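Here is how the chains run, residue by residue.
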Amino acid sequence: MTPERWARIKEIFTEASERQAAERSAFLDCACGGDERLRAEVERLLVQDGESLKSPAGDLLPLAANLAAPQWSPGTLVGPYRIDQPLGEGGMGYVYKARDTRLGRDVAIKTAKGEFSTRFQREARAISALNHPNICTLHDVGPNYLVMELIEGSTLAERMAKGVIPLKEALGIARQIAEALEAAHEKGIVHRDLKPPNVKLTAAGTVKVLDFGLAKAQDLAGTEASPTITATQPGQILGTPAYMSPEQAQGEPVDKRADIWSFGVILWEMLTGHRLFEGETAAHTLASVLRGPIEFHRLPDETPAAIRGLLRRCLDRDSKTRLRDIGEARIALTLGFQAPEPAVPPARPRSL
């Protein structure tokens, strides 16, 4: 489907949704001009209007199941955004660098394949609820695309591929990740897919957490605010095996402690330069997550005791005794690298 076709569907859908039900048929007769496929697409979106999403800018993001993600070439106009170049392609869709012709700024446009529209909507809802310097900003929402902050820099995975990250740098990165998670958790949002490729590092040293496509909303008491799919089909668990919490790997309900586990895995890997859980297949990796040894002795000798203790609490396989609040990790990371104050020697007694 071309961007122009999407724009036309959105325009007619928006106008039709603002009219009384009794007026819509006559309006669609005129607006669609005998184009039955166009009318069918609009009518399907009107039926699904109860599931529609409004972005902060007020645009509608209708459900897009069964609609393929568009592939855009440089120079294509998508609304007010001019496509510059592709940035990446994954199993779920495409990401492009684009130029906002209204504001004169570069942005990233993410578009999803139809079968992943539920995840796409979940990501839009999650990011639109968050406003934090360590979380990628959502600028706009289109019919089947998100317009997001363009973050220049490498991913944490790319940085880790270059070797062990020095202790001070690793703790600084971890502290910013913890701050991003803390902001999300305070809004009742669990990321559920925290991993090095979903963390960007800018040249200025700022950490940005990306990809809330698997995010789950909870109320502040920890109860799911709405039903959440935990598997796309029998036997397929959402998430990335090497960074899943044990309870997530077993398909059990998860809360913010799943993110705390993933955070611990990432911190361990930054400090050691090795993957914590590996396997020849996804099943082998999940088995390692559930039963494999966690070799804390591989941490560098200079790792502060407070950070060692933090990692043990984050990587507790029993979620009931695992660290419960990522804010505690942020505090430990802030204090853990501070040098202790020198001991004051006792005063010598005066000689008579």
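Scroll up for the structure.
Presented here is a report on the structure given in the accompanying data block. (Residues numbered from 1 in each chain as written. Predicted model: local features only at pLDDT ≥ 70, side-chain atom pairs only at ≥ 80, totals over all residues. Heavy atoms only, no water.)

Regarding the overall build of the protein
Secondary structure assignment for the protein yields 11 helices and 15 strands. Within the span of the protein, comprising 352 residues, buried residues form 48% of the whole. Approximately 17800 Å² of the protein is accessible, and the part contributed by carbon and sulfur atoms is 51%. (Helix = DSSP H or I, 4+ residues; strand = E, 2+ residues; numbered from the N terminus. Buried < 20%, exposed > 50% of the residue type's maximum accessible area, 1.4 Å probe, protein only. Areas by Shrake-Rupley, 256 points an atom, 1.4 Å probe, with all protein chains shown as cover.)

With respect to helix H10 (residues 305-314)
Those residues of H10 lying buried are Ile307, Leu310, Leu311 and Cys314. Buried residues of H10, viewed axially, fall in a sector of 100°; they line one side. Of the exposed residues in H10, the ones pointing more than 90 degrees away from its buried face are Ala305 and Arg312. (Arc of directions from axis to C-beta.)

Some remarks on the nonpolar core
If you look at the biggest cluster of nonpolar residues, it comprises 60 residues, and the most contacted ones within it are Leu156, Ile177, Phe263, Leu267 and Met270. Sorting elements by how many residues they give to this core places helix H6 (residues 167-186) first, with 11 residues. Aside from chain neighbours lying at most four places away, what touches Ile177 is Leu156, Leu194, Val199, Val207, Phe263 and Ile266. One finds Ala16, Cys32, Leu38 and Val42 within the second-largest nonpolar core, a separate group that totals 12 residues. (Core = buried A, V, L, I, M, F, W, Y, C linked by side-chain atoms within 4.5 Å. Contact = heavy atoms within 4.5 Å.)

Observations regarding the sheet that holds strand S11 (residues 199-201)
Ordered by their spatial adjacency, 3 strands build an open sheet running S9-S11-S12, and the pairing between neighbours is antiparallel. Edge positions in the sheet fall to strand S9 (154-155) and strand S12 (207-209), since each of these pairs with one other strand and no more. Pairing geometry for S11 and S12, over 3 bridges, is antiparallel. By the bridge assignment, Leu201 is partnered in S12 with Val207. Sheet strands in contact with H6 are S11 and S12, and its direction is about 40° off that of S12. (Pairing = 2+ DSSP bridges. Axes fitted to C-alpha atoms, helices over the stretch in contact; angles between N-to-C directions.)

As for the packing of helix H8 (residues 256-272) against H10
Following both chains from N to C, one finds H8 and H10 inclined at 135°, their axes separated by 8 Å at the closest point. Between H8 and H10, the angle is such that the two are oblique. Classified by chirality, the crossing of H10 by H8 is left-handed. Together, Ile260, Trp261, Phe263, Gly264, Leu267, Trp268 and Leu271 of H8 and Ile307, Leu310, Leu311 and Cys314 of H10 make up the contact between the two elements. Considered class by class, the residues forming the contact of H8 with H10 number 10 nonpolar, 1 polar and no charged. (Parallel < 35°, antiparallel > 145°, perpendicular 65-115°, else oblique. Left-handed = near helix turned anticlockwise from the far one by under 90°. Nonpolar A, V, L, I, M, F, W, Y, C, P; charged D, E, K, R; others polar.)

Some thoughts on the side chain of His132
By the secondary structure assignment, His132 is in the loop between helix H4 (117-128) and strand S7 (138-141). Since its relative accessible area comes to 19%, His132 is described here as buried. At 3.0 Å, the side chain of His132 forms a polar contact with the backbone nitrogen of Asn134. What His132 contacts, discounting residues up to four positions off in sequence, is Glu179, Ala180 and Ala183. (Polar contact = N/O pair within 3.5 Å; in protein donor to acceptor, adjacent residues only side chain to side chain.)

Some points on the pattern of salt bridges
In this structure the tally under the stated criterion is 13 salt bridges. In this structure, Arg99 and Asp106 form a salt bridge, with 3.1 Å as the shortest nitrogen-oxygen distance. (Salt bridge = Lys/Arg side-chain N within 4 Å of Asp/Glu carboxyl O.)

Thoughts on the packing of aromatic side chains
Throughout the structure, instances matching the rule amount to 4 aromatic pairs. Where Trp72 meets Tyr96, the ring centres are 5.4 Å apart and the plane angle is 50°; that geometry is what we call tilted. Highlighted residues: Trp72 in the loop between strand S2 (60-61) and strand S3 (77-78) and Tyr96 in strand S5 (residues 93-100), separated in sequence by 24 residues. Note on Tyr96: relative accessible area 4%, which makes it buried. Pairing Tyr94 with Tyr96 gives two aromatic rings, centres 6.5 Å apart and planes at 40°, and the pair type is tilted. Three or more aromatic residues joined by ring pairs make a cluster, and in this case those are Trp72, Tyr94, Tyr96 and Tyr145. (Phe/Tyr/Trp six-rings, centres within 6.5 Å; stacked < 30°, edge-to-face > 60°.)

Remarks on the sheet that holds strand S6 (residues 105-112)
As a general point, the strands of a sheet are linked pairwise by backbone hydrogen bonds and lie either parallel or antiparallel. The strand order across the open sheet built from 6 strands is S3-S4-S5-S6-S8-S7, with neighbouring strands paired in antiparallel fashion. Strand pairing shows two members of the sheet lacking a second neighbour, S3 and S7, which therefore form its edges. Examined bridge by bridge, S6 and strand S8 (residues 145-149) share 5 bridges and lie antiparallel to one another. By the bridge assignment for S8, Ala108 is matched with Met148.

Some thoughts on the side chain of Ser245
Turning to its location among the elements, Ser245 is positioned in the loop between strand S15 (236-237) and helix H7 (246-249). Setting aside its immediate chain neighbours within four residues, Ser245 contacts Val254, Ala258, Trp261, Val289 and Arg322.

Function cannot be read off these values alone, since they describe shape.
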